[in-house]
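Geometric and topological summary
Chain by chain, the residues:
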Amino acid sequence: MDLKITKVSKEKKKVIPVFDANLGFGRIFSDHMFIMEHVDGEWINPRIEPYHDIALSPSAMVFHYGQGIFEGMKAYKRDGELYLFRPQKNLERMNNSANRLVMPNFDKEFVLDAIKKLVCLESEWIPDTKGYALYIRPTMIATETCLGVRPSNRYLFYVIVGPVGPYYSKGFNPVDIFVSDQYVRAVRGGVGEAKAMGNYAASLLAQKEGQKHGCSQVLWLDGVERKYVEEVGAMNIFAYFKEELVTPMLSGSILPGITRDSVIKITKEWGMKVSERLLPIDELINGISSGKVTEVFGVGTAAVISPVGKLVYKGENYQIADGKTGQLSKKLFDYITSLQIGLQKDTLGFVEKIDFRF
Ligand SMILES: *Cc1c(COP(=O)(O)O)cnc(C)c1O
């Protein structure tokens, strides 16, 4: 497959925004996108072209049956160099998501190459301020026009990119979390392991419930017993019990986060005791109350590390330690964010410098 590149005309170039606190997250997109179609069992016509709207029939299957998946990754810039963080992992996970939703796989090497070309083409759109990055959103949707519950025969794959600031506009501060014991995000055997679009629609009501209690994110319990901690918002979760860093083991309903995997590998390399195991909500709550749990934090590409200040569970508030950002959260945040811009010795081989230019 040949990648065709059509650049936007000078007159149609958008104005690149100032990369400051007003930038926000996920609202601005660059001048170009990558796109290809899947027809008759193969991917065709891969191209980078000016960012544009997509016209689809109202009967396109994605609009009815939700056969759609996505990924989220970032490109970073420092001193004119461009970096990606474990990008193969995102593409591997996207193919896994595709398998779960009976959508076609793609050639990871080809798509990674296309993403690198897109990132290079948009290098002016990449902020080089720490905490800022170019967010990359690969997406795949079912486009066959048919009302009928079965896998689509046509798909669209595209990648859009845009500059983003820190995920939380208020900065690296603890967030309050509502423990949802009514609604669940996913169940074992379901699609929680996949970055499937419908999962996020399904999470909104609990999020709204949490907001009523002054919480910006939801802590999800397992869908069967509502007894075990699974995730927090669209992030994986860690709890630091003195001496033991605990994260729920991948059970089938938890999204296998790349930041989660990176935090496990990094803290193990630091010589810490790290456990992937069942984490009962009662154990967490008791640990917080007794002072044994000194830190709780969410991890994901968007926020990197997101410290938790307190949990709201069954109408009670549980403040974690002094409610401030803990030392381990801070250390991990600093370490990973400097690693991502090539400022740390990359002992685990996580960082990929993009070494071609247009
Ligand atoms: C994307 C996502 C994560 C975090 O994954 P990363 O690869 O670390 O960005 C965690 N949980 C859910 C539900 C997600 O959608």
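Residues numbered from 1 in each chain as written. Predicted model: local features only at pLDDT ≥ 70, side-chain atom pairs only at ≥ 80, totals over all residues. Heavy atoms only, no water.

Topic: the nonpolar core
The tendency in soluble globular proteins is for nonpolar side chains to be buried as a group. Judged by nonpolar contacts, the single largest core of 45 residues is most densely connected at F34, F106, V119, I136, M140 and F157. Broken down by secondary-structure element, the contributors of at least two residues to this core are β2 (32–39), β3 (42–50), β5 (73–78), β6 (81–85), α2 (87–100), α3 (108–121), β7 (133–142) and β8 (154–164). With nine residues, the single largest contributor to this core is α3. Apart from the residues within four sequence positions on either side, F106 is in contact with M36, W43, L91, M94, N95, V111, M140 and F157. I177, L219, A239 and L311 belong to the second-largest nonpolar core, a separate cluster that totals 26 residues. (Core = buried A, V, L, I, M, F, W, Y, C linked by side-chain atoms within 4.5 Å. Buried < 20%, exposed > 50% of the residue type's maximum accessible area, 1.4 Å probe, protein only. Helix = DSSP H or I, 4+ residues; strand = E, 2+ residues; numbered from the N terminus. Contact = heavy atoms within 4.5 Å.)

Observations concerning the site of the ligand
Within the structure, the ligand sits among 14 residues, and K195, Y200, E231, T259 and T301 are positioned closest to it. Y200 is positioned such that a nitrogen or oxygen atom in its side chain is 2.4 Å from an oxygen atom of the ligand. Relative to its free-state accessible area of 380 Å², the ligand is covered by the protein chains to the extent of 96%. Broken down by secondary-structure element, the contributors of at least two residues to the shell around the ligand are β12 (235–241) and α6 (258–269). Here the residues of the shell around the ligand sort into five nonpolar, five polar and four charged. (Near = heavy atom within 4 Å. Polar contact = N/O pair within 3.5 Å; in protein donor to acceptor, adjacent residues only side chain to side chain. Areas by Shrake-Rupley, 256 points an atom, 1.4 Å probe, with all protein chains shown as cover. Nonpolar A, V, L, I, M, F, W, Y, C, P; charged D, E, K, R; others polar.)

Details of the packing of aromatic side chains
In total, this model carries eleven aromatic pairs according to the counting rule given. Judged by centre distance (5.2 Å) and plane angle (85 degrees), the ring pair of W270 and Y335 falls under edge-to-face. Of the two residues, W270 is situated in the loop between α6 and β14 (273–277) and Y335 in helix α8 (residues 327–340); the sequence distance between them amounts to 65 residues. Its relative accessible area of 14% is what places Y335 among the buried residues. Taken together through their ring pairs, the aromatic side chains of F34, W43, F106 and F157 make up a single cluster. Looking at K331, its charged tip hangs above the ring of W270, at a distance of 4.2 Å from the centre. (Phe/Tyr/Trp six-rings, centres within 6.5 Å; stacked < 30°, edge-to-face > 60°. Lys NZ or Arg CZ within 6 Å of the ring centre and 35° of its normal.)

Some points on the environment of L311
As for its placement among the helices and strands, L311 is situated in strand β16 (residues 304–313). For the pair formed by L311 and A75, sequence separation is 236 residues and the distance between their alpha carbons is 32 Å. Beyond its immediate chain neighbours, meaning those up to four positions away, L311 contacts I177, V179, L219, L284, I285, I288, E316, N317, Y318 and I320.

Points about the pattern of salt bridges
According to the stated counting rule, one finds 19 salt bridges in the structure shown. Ionic pairing is found between D79 and R78, a salt bridge with its closest N-O pair at 3.4 Å. Among the residues examined, D79 registers a relative accessible area of 67% and is labelled exposed. Between R86 and D261 there is a salt bridge, with its nearest N and O atoms 2.9 Å apart. Note that R86 is positioned in the loop between β6 and α2 and D261 in helix α6, a separation of 175 residues in sequence. (Salt bridge = Lys/Arg side-chain N within 4 Å of Asp/Glu carboxyl O.)

Considering the side chain of S329
By the element assignment, S329 lies in helix α8. Of note is the side chain of S329, whose polar atom sits 2.7 Å from the side chain of E295. Once residues lying within four places of it in the same chain are set aside, the contact partners of S329 are F172, E295, F297, I305 and P307.

Describing the domain arrangement of the chain
Each domain of the chain was delimited in the assignment, giving domain 1 (4–164) and domain 2 (175–332). Computed from C-alpha coordinates alone, the two centres of domain 1 and domain 2 are separated by 28 Å. Taken residue by residue, the interface counts 19 residues in domain 1 and 17 residues in domain 2. Here domain 1 and domain 2 share an interface that buries about 1500 Å² over both sides, 62% of which is from carbon and sulfur atoms. Where domain 1 touches domain 2, the interface holds one salt bridge. Scanning the region where domain 1 abuts domain 2 turns up ten residue pairs in polar contact (both at pLDDT 80 or more). (Domains from an automatic or database assignment. Buried area = accessible area lost by both parts, 1.4 Å probe.)

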